[in-house]
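Analysis of the macromolecular model
Listed below are the residues making up each chain.
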Amino acid sequence: METKTASNILPERQAKPKWLKVKLPTGKKYTELRGLVDKYNLNTICASGSCPNMGECWGEGTATFMILGNICTRSCGFCGVKTGRPETVDWDEPEKVARSIKIMGIKHAVLTSVDRDDLKDMGSIMWSETVKAVRRMNPETTMETLIPDFQGITKHIDRIIDVAPEVVSHNIETVRRLTREVRIQAKYDKSLEVLNYLKNSGQRRTKSGIMLGLGEKPEEVIQTLEDLRENQVDVVTIGQYLQPSKKHLPVKQFITPDQFHEYETIGKELGFRHVESSALVRSSYKAQKHIN
């Protein structure tokens, strides 16, 4: 399979193209949820990360929550989350997240976390307890868990499988060649192994995500899609990388809508159940669709 060569290499300080400009979120449902988030001081990644799809997702009853604090033990070159020594685990967090989901009336919750390589269980027990708390308080709410790699240690991954979220996601993030630069403490093959282990252990729906614009070549993107499919991944998201700050990796390309559409076509030809591919796609975009 072939695709167009990415020739739109960025000069310095180039403005974002028009397809990356979004309107401020509006609508009755968004306004209602925004009011609840502010009133009860609820912590959603949607709001704290200024996600461009927040209005659309909230309107559909989907929101993303981060557990295990906001300081990560890893220092990925693309990620805006702080790196350092994390705070003590808050064992009340599962109930807090479950209560937030109930207050907001969320139909489909996406749970994610920082990496907690400092913990013996790498945070997997908190993951399990949070899923169980959400189920107790919100029995009709479906869930996606966007998990770290847990260093590939299967007893930690098993805790996620045992609580059976509707979707388990782990992002490959970038192509093999760029992994060492983009995901400094992660390994491309380790991520594939985690995804494959999930499926082989009975997880019904698995998912992964890729960012574009870091200098990858089209053939490398296609190879990554092939690698994910060979490891039984059901759903893939493909979006544009945007630099969180001057300290992070620069954007090297703005991928055109036509190129994103071509990757979507290739993904469907490879047999993915769902492919979300456009500049503004983030890993939780249209997440409620991926449970089917």
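Residues numbered from 1 in each chain as written. Predicted model: local features only at pLDDT ≥ 70, side-chain atom pairs only at ≥ 80, totals over all residues. Heavy atoms only, no water.

Here we take up the pairing of strand 1 (residues 62-67). Of all 6 residues making up strand 1, 6 are buried, and the element is well covered by its neighbours. Both faces of strand 1 are covered, namely the face carrying Thr62, Thr64 and Met66 and the face carrying Ala63, Phe65 and Ile67. Bridging between strand 1 and strand 4 (residues 108-113) involves 6 bridges; their strand directions are parallel. Bridge pairing in strand 4 links Ile67 to Ser113. (Buried < 20%, exposed > 50% of the residue type's maximum accessible area, 1.4 Å probe, protein only. Helix = DSSP H or I, 4+ residues; strand = E, 2+ residues; numbered from the N terminus. Pairing = 2+ DSSP bridges.)

Right, let's talk about the sheet that holds strand 7 (residues 206-212) for a bit. Backbone-to-backbone hydrogen bonds join strands into a sheet, with any given pair of strands oriented parallel or antiparallel. Taken in spatial order, the 7 strands make up an open sheet running 1-4-5-6-7-8-9, and their pairing is parallel. A strand with exactly one partner marks an edge of an open sheet, and here the two such strands are strand 1 and strand 9 (274-277). Averaged over all pairs of adjacent strands, the angle between strand axes in this sheet comes to 20 degrees, irrespective of strand direction. The sheet contact formed by strand 6 (residues 167-169) and strand 7 spans 2 bridges and is parallel. Bridge assignment links Ser169 to a residue of strand 7, and that residue is Lys207. The sheet contacts of helix 5 (residues 124-137) involve strand 1, strand 4 and strand 5 (142-146), and relative to strand 5 the element is tilted by about 165 degrees. (Axes fitted to C-alpha atoms, helices over the stretch in contact; angles between N-to-C directions. Contact = heavy atoms within 4.5 Å.)

Its identity is not glycine, yet Gln151 carries a phi of approximately 55 degrees, on the positive side. Its place among the elements puts Gln151 in the loop between strand 5 and helix 6 (154-163). According to the relative accessible area criterion, Gln151 is partly exposed, its value standing at 39%. Phi is positive for Glu173, close to 70 degrees, though the residue is something other than glycine.

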